[in-house]
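Fold and geometry: a report
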Amino acid sequence: MGLGITGPDAPVDWDALRRYAIEVMGRAYAPYSNFKVGVAGLVDDGRVVLGCNVENAAYGVALCAECGMVSALHATGGGRLRAVACVNADGEPLMPCGRCRQLLWENGGPEMQLMTPRGVQTMSEVLPDAFGADDLT
Ligand code: THU
């Protein structure tokens, strides 16, 4: 799966990325919260990786959609996330939770673009002063 978009300067097709997110949102397993989430990430090689939230009767072990997407990123060959669109059940942009912003930071870095309810923002805007791998050195 891909958008055929490669290279760091190629424009991001946000409408297509959002459509992918809406499609995978429909496969979310959220019988406890009834809050379905879908997310699509454009990888730097043009791949698109997807995730949806998967809940559990033990509520606390629910998997956020972004967790599934990051797992798919690595399972399908790795790379860096360039752009991410996360949506709710209405297909509207959804702000990733704090834990998931950390996951996006690790796999996309400060320049990664995120579709938010306030428009496209970078990771450094939505997770300022982030803790990251550089802090471990
Ligand atoms: N959820 C996500 O999938 N991603 C987020 O960034 C926020 C929350 C899910 C977790 C849970 O299944 C449901 O939304 C309600 O919190």
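This text follows the structure it describes.
Below is a short write-up of the structure. A quick note: this is a predicted structure, and the numbers were derived from the prediction, not measured. (Residues numbered from 1 in each chain as written. Predicted model: local features only at pLDDT ≥ 70, side-chain atom pairs only at ≥ 80, totals over all residues. Heavy atoms only, no water.)

On to the pattern of salt bridges, then. Under the defined criterion, the tally for this structure stands at three salt bridges. A salt bridge links glutamate 23 to arginine 27; its shortest N-O distance comes to 3.7 Å. By relative accessible area, which is 47% here, glutamate 23 ends up partly exposed. A salt bridge links arginine 47 to aspartate 45; the shortest N-O distance between them is 2.9 Å. The class of arginine 47 is buried, set by a relative accessible area of 15%. For aspartate 45, a relative accessible area of 42% gives the class partly exposed. (Salt bridge = Lys/Arg side-chain N within 4 Å of Asp/Glu carboxyl O. Buried < 20%, exposed > 50% of the residue type's maximum accessible area, 1.4 Å probe, protein only.)

Right, let's talk about the packing of helix α2 (residues 65-75) against helix α3 (residues 98-108) for a bit. Packing of α2 against α3 leaves a shortest axis separation of 9 Å and a crossing angle of 20°. In terms of their interaxial angle, α2 and α3 are classed as roughly parallel. Where α2 crosses over α3, the two elements pack in a sense that is left-handed. Across the interface between the two elements, Glu66, Cys67, Met69, Val70, Leu73 and His74 from α2 touch Arg99, Cys100, Leu103, Leu104 and Asn107 from α3. For the contact of α2 with α3, the class distribution of residues is seven nonpolar, two polar and two charged. (Axes fitted to C-alpha atoms, helices over the stretch in contact; angles between N-to-C directions. Helix = DSSP H or I, 4+ residues; strand = E, 2+ residues; numbered from the N terminus. Parallel < 35°, antiparallel > 145°, perpendicular 65-115°, else oblique. Left-handed = near helix turned anticlockwise from the far one by under 90°. Contact = heavy atoms within 4.5 Å. Nonpolar A, V, L, I, M, F, W, Y, C, P; charged D, E, K, R; others polar.)

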